[in-house]
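# Overview (structure and organization)
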Amino acid sequence: PHAGPVESKNEAAMSELVPEPRQKPVVPMKPMGINANLLGYIGIDTIIEQMRKKTMKTGFDFNIMVVGQSGLGKSTLVNTLFKSQVSRKSSGWNREEKIPKTVEIKAIGHVIEEGGVKMKLTVIDTPGFGDQINNENCWEPIEKYINEQYEKFLKEEVNIARKKRIPDTRVHCCLYFISPTGHSLRPLDLEFMKHLSKVVNIIPVIAKADTMTLEEKTEFKQRVRKELEVNGIEFYPQKEFDEDLEDKTENDKIRQESMPFAVVGSDKEYQVNGKRVLGRKTPWGIIEVENLTHCEFALLRDFVIRTHLQDLKEVTHNIHYETYRAKRLNDNGGLPPMTVETEENHESNL
Amino acid sequence: QFSDSAGYVGFANLPNQVHRKSVKKGFEFTLMVVGESGLGKSTLINSLFLTDLYPERYIPGAAEKIERTVQIEASTVEIEERGVKLRLTVVDTPGYGDAINSQDCFKTIIQYIDNQFERYLHDESGLNRRHIIDNRVHCCFYFISPFGHGLKPLDVEFMKALHGKVNIVPVIAKADTLTLKERERLKRRVLDEISEHGIRIYQLPDADSDEDEEFKEQTRVLKASASIPFAVIGSNQLIEVKGKKIRGRLYPWGVVEVENPEHNDFLKLRTMLVTHMQDLQEVTQDLHYENFRSERLKRTGK
């Protein structure tokens, strides 16, 4: 019998050892009958526990970028996602400050711990995107930043004396915030996603969804999905990267029904039916962020953090990064130095 | 005087404003509506005038919007209430603020306003002046996004370019996306920025001394700094609340009532508009039109 490494998306604690290039789907071990010819228990399955222990020791990196016009609740949503003050909003940035004249890239790192597992979370904010009168090419600084992280990683990889664990600053996930107009996408949304879906995992979300009734939400989501499809925009989870039928079924449902997630964020708690819940208080009721009948925040959270976190990293490494690497190697027949942003922009709470 | 019974818009109050002048021929009023798409403009207009001004509405997708320039679309509707006729023209500006590069998006709008002034000037200088049609824009509702932190660069540029040509009334629609605190903060921020940039928005005149107390009090309330810009919600859908059918929006967490002053400023906006239609026309005539006229005549050296 052929025993291979058992991979499961649901294991949040996966190894930080250098991941292998994407393999063909491994044929799962055929279930053994009771009268199987097993001579005894070998203990191969303990590798899961070993990997888990290792990850708990080393922790892992996760880099999430947020893109969208000013005021769509990006910072609040990220804080809500990680139940922590991890965004630019919490790091002393004054909301009363003027909108920057060009798109800035601001990366803030935090270490958060849960159940013994340490995550080095970096939130990359993009203030100024879409806020000017002329927003032509405003996605370019963002694309540049993403490619620079690939370049950094590539440089480390080709070193003769490589670090045991290459620091991973590559953007694993880009949350794109769609304004809840109820009509359709905006031209800028299309342009951004067209350009960037080829270099990074884009997860579109409908921001401030408490402005739409259930019907309006359903219609708008359908409309957005259609527009994305018609314009050839492949958001994460991309169809072509579904590994097997199980993936495809699960992801099809998410792609065709759930996404884009219509979310509401909040860092305030209120008492509802005797429980303390995260929400927004209005004269006509309290909007509960984690209540699935109110909004889809919990779906987004589960999707990004509880089920697809590892896959986001894998697709970034095995697909987007490899695409970048292949292009670089082809273009130059080698690796001439490319200027890379210094560490100046990267704040850290480490 | 200002009944809130369902279906009553309130402009039947106009005669009181003109101090007993004859109103047999009815009133004309042109309202321009400007703002990015999806800010609730059409819903609000329909709610204000209890009509459906846009029955066959087509909303273009993003790819189509990339090609589009700003259009000017005028719809006229005749509304009659308690014997008073109003010929209302709503001028829409689809395409405004939608393009990736919105640099020139209000050129078309400025041109339209100037054209109406030009036409009036021409008619005024003509021989038959009895039946001059007044198509000048009397009021411009400028929609500010409730999703931002204040004015956007485009908002500032637009208002600076147009405050000398038309009465600008800033409005925040889809106000149900804001908590009360957020609403206050946004209003304050907008007012600060308006003042900072020297933008002149329409100012409600003080009540005349011969008006009754109720009207004076109402004017005080409207002029209170917490009112402007009005944060409103529009809807013509009827929802049953406590046995009554009221206009509102039904959410899983509650019902937002359009005509509930604790929920939003819709009633204030409606009151302001209908009780000041006359003043809006006068200011357009005495200030904006006169500015245009003197500039125009200076230029041609007449």
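Definitions and limits used
- Residues numbered from 1 in each chain as written.
- Chains lettered and ligands numbered in written order.
- Predicted model: local features only at pLDDT ≥ 70, side-chain atom pairs only at ≥ 80, totals over all residues.
- Heavy atoms only, no water.
- UniProt positions renumbered as here; feature names shortened; annotations may be inferred.
- Buried < 20%, exposed > 50% of the residue type's maximum accessible area, 1.4 Å probe, protein only.
- Helix = DSSP H or I, 4+ residues; strand = E, 2+ residues; numbered from the N terminus.
- Contact = heavy atoms within 4.5 Å.
- Core = buried A, V, L, I, M, F, W, Y, C linked by side-chain atoms within 4.5 Å.
- Salt bridge = Lys/Arg side-chain N within 4 Å of Asp/Glu carboxyl O.
- Buried area = accessible area lost by both parts, 1.4 Å probe.
- Polar contact = N/O pair within 3.5 Å; in protein donor to acceptor, adjacent residues only side chain to side chain.
- Nonpolar A, V, L, I, M, F, W, Y, C, P; charged D, E, K, R; others polar.
- Pairing = 2+ DSSP bridges.
- Axes fitted to C-alpha atoms, helices over the stretch in contact; angles between N-to-C directions.
- Patch = residues over 30% accessible without salt bridge, like charges linked within 9 Å, V, L, I, M, F, W, Y side chains within 5 Å.
- Areas by Shrake-Rupley, 256 points an atom, 1.4 Å probe, with all protein chains shown as cover.
- Lys, Arg positive; Asp, Glu negative; His and termini not counted.
- Charge placed at Lys NZ, Arg CZ, Asp CG, Glu CD.
- pLDDT = per-residue confidence, 0-100.
- Phe/Tyr/Trp six-rings, centres within 6.5 Å; stacked < 30°, edge-to-face > 60°.
- Lys NZ or Arg CZ within 6 Å of the ring centre and 35° of its normal.
- Disulfide = S-S within 2.5 Å.

Looking at an unreviewed UniProt entry, one finds chain B named SEPT2 protein and attributed to Corythaixoides concolor. Quoted straight from UniProt, the Sequence similarities (unreviewed entry) entry for chain B says "Belongs to the TRAFAC class TrmE-Era-EngA-EngB-Septin-like GTPase superfamily. Septin GTPase family."

Chain A has the name Neuronal-specific septin-3 in an unreviewed UniProt entry, where Burhinus bistriatus is given as its organism. Entered under Sequence similarities (unreviewed entry) in the UniProt record, the comment concerning chain A runs "Belongs to the TRAFAC class TrmE-Era-EngA-EngB-Septin-like GTPase superfamily. Septin GTPase family." Of chain A, the UniProt comment under Subcellular location (unreviewed entry) reads exactly: "Cytoplasm".

Turning to helix H5 (residues 153-162) of chain B, a few remarks are in order. Because an α-helix completes one turn every 3.6 residues, residues spaced three or four positions apart along the sequence face the same direction. For H5 of chain B, the complete set of buried residues consists of Leu154, Asp155, Val156, Phe158, Met159 and Leu162 of chain B. Elements that come into contact with the buried residues of H5 of chain B comprise strand S1 (27-34), helix H4 (107-124), strand S4 (139-144), strand S5 (168-172) and helix H6 (180-196) of chain B.

Leu175, Phe192 and Ile203 of chain A together with Phe141 of chain B are the most contacted members of the largest nonpolar core, which totals 166 residues. Ranked by residues supplied to this core, first place goes to H4 of chain B with seven residues. Discounting residues that sit within four places of it in the chain, Phe192 of chain A has contacts with Val67, Phe129, Trp139, Ile142, Cys174, Tyr176 and Ile202 of chain A.

This paragraph deals with the pattern of salt bridges. Any two side chains of opposite charge can pair, so long as their charged atoms come close to each other. Going through the model one piece at a time under the given rule, you end up with 44 salt bridges over all chains. A salt bridge links Asp265 of chain B to Lys187 of chain B; its shortest N-O distance comes to 2.6 Å. Of the two residues, Asp265 of chain B sits in the loop between strand S9 (254-257) and helix H8 (266-275) while Lys187 of chain B sits in helix H6, which places them 78 residues apart along the sequence. Here Asp265 of chain B falls in the buried class, since its relative accessible area comes to 6%. Here the salt bridges do not stand alone but share partners, grouping Lys83, Glu290, Arg301, Asp302 and Arg306 of chain A into one network.

Attention now goes to the interface of chain A and chain B. Between chain A and chain B, the contact holds 47 residues from the first and 45 residues from the second. Buried area between chain A and chain B, summed over both chains or domains, comes out near 4100 Å², and the portion from carbon and sulfur atoms is 55%. Scanning the region where chain A abuts chain B turns up three salt bridges. For Glu182 of chain B, the salt bridge identified is with Arg280 of chain A, shortest N-O distance 2.7 Å. Linking chain A with chain B are 15 residue pairs in polar contact (both at pLDDT 80 or more), by the criterion used here. Among the secondary structure elements, those contributing two or more residues to the side of chain A that touches chain B are helix H4 (187-196), helix H5 (214-230), strand S8 (275-282) and strand S9 (285-288) of chain A. Per-element accounting of the side of chain A that touches chain B gives the leading share, five residues, to H5 of chain A. For the side of chain A that touches chain B, the residue count by class is 14 nonpolar, 17 polar and 16 charged.

A few words now on the sheet that holds strand S7 (residues 269-272) of chain A. Residues and elements named next belong to chain A. Reading across from one edge, S7-S8-S9 is the order of the three strands in this open sheet, with antiparallel pairing throughout. In the strand order of this sheet, the two ends are held by S7 and S9, each with one partner. Averaged over neighbouring strand pairs, the angle between their axes works out to 65 degrees when direction is ignored. Taken together, the four bridges between S7 and S8 define a ladder with antiparallel strand orientation.

Bringing unusual backbone geometry into the picture now. In this chain, Tyr236 of chain A is followed by Pro237 of chain A through a cis amide linkage whose omega measures 0 degrees. In this structure, Pro237 of chain A sits in the loop between H5 and helix H6 (245-258). For the bond from Met259 of chain A to Pro260 of chain A, the omega torsion is -5 degrees, close enough to zero to count as cis. As for its placement among the helices and strands, Pro260 of chain A is situated in the loop between H6 and strand S6 (261-262). Here the phi dihedral of Asn137 of chain A falls at roughly 60 degrees; this positive angle occurs in a residue that is not glycine. Residue position: Asn137 of chain A is located in the loop between strand S3 (117-125) and helix H3 (140-157). In this structure, Lys174 of chain B is a non-glycine residue whose phi angle is positive, near 50 degrees. Tracing the backbone shows Lys174 of chain B in the loop between S5 and H6.

A few words now on a positive patch on the surface. On the surface, Lys53, Lys54, Lys57 and Lys164 of chain A cluster together into a patch of positive charge. Here Lys54 of chain A is to be found in helix H1 (residues 46-58).

Residue and element names in this part refer to chain A. The predicted model of chain A averages 84 in pLDDT, with 81% of residues at 70 or higher. Ignoring residues within four places in sequence, the model shows residues 1-20, a span with pLDDT below 50, making 27 contacts including any to other chains. When the criterion is pLDDT under 50, residues 341-350 qualifies, and its contacts beyond four places in sequence or with other chains add up to 18 contacts.

Residue and element names in this part refer to chain A. Structurally, Asp61 can be placed in strand S1 (residues 60-67). Within the local environment of Asp61, its side chain forms a polar contact with the backbone nitrogen of Asp168, the two atoms lying 3.4 Å apart. Dropping the residues within four chain positions of it, Asp61 is found in contact with Lys120, Arg165, Asp168, His172 and Lys313.

Now for the packing of aromatic side chains. All told, the structure shown has 16 aromatic pairs over all chains when counted by the stated rule. Pairing Phe261 of chain A with Phe303 of chain A gives two aromatic rings, centres 5.6 Å apart and planes at 55 degrees, and the pair type is tilted. A residue pair is termed long-range when its members are at least 10 positions apart, and Phe261 of chain A in strand S6 and Phe303 of chain A in helix H7 (residues 297-307) qualify at 42 residues. The pair Phe261 of chain A / Phe303 of chain A is uniform in exposure class, with both members buried. Pairwise contacts between aromatic rings join Tyr150, Phe153, Tyr321 and Tyr324 of chain A into one cluster. Between Arg170 of chain A and the ring centre of Tyr321 of chain A, over which it is positioned, the NZ or CZ distance is 4.8 Å. In this arrangement the basic side chain of Arg136 of chain B is found over the ring face of Tyr120 of chain B, its NZ or CZ atom lying 3.5 Å from the centre.

Under the defined criterion, the tally for this structure stands at zero disulfides over all chains. With no disulfide of its own, Cys295 of chain A lies 17 Å from the sulfur of Cys173 of chain A, the closest cysteine sulfur. Just so you know, Cys140 of chain B is unpaired, no disulfide at all, and the nearest cysteine sulfur is the one on Cys139 of chain B, 7.0 Å from it. Looking at Cys140 of chain B, the relative accessible area reads 0%, which means it is buried.

What follows deals with the environment of Gly83 of chain B. Residues and elements named next belong to chain B. Its location among the elements puts Gly83 in the loop between strand S2 (73-81) and strand S3 (84-92). The class for Gly83 is exposed, based on a relative accessible area of 58%. The spatial distance from the C-alpha of Gly83 to the C-alpha of Gly26 is 9.2 Å, given a sequence separation of 57 residues.

The share of residues in chain B with pLDDT of 70 or more is 92%, and the mean pLDDT across the chain is 87. Quick note on the complex model: pTM equals 0.84, ipTM equals 0.84.

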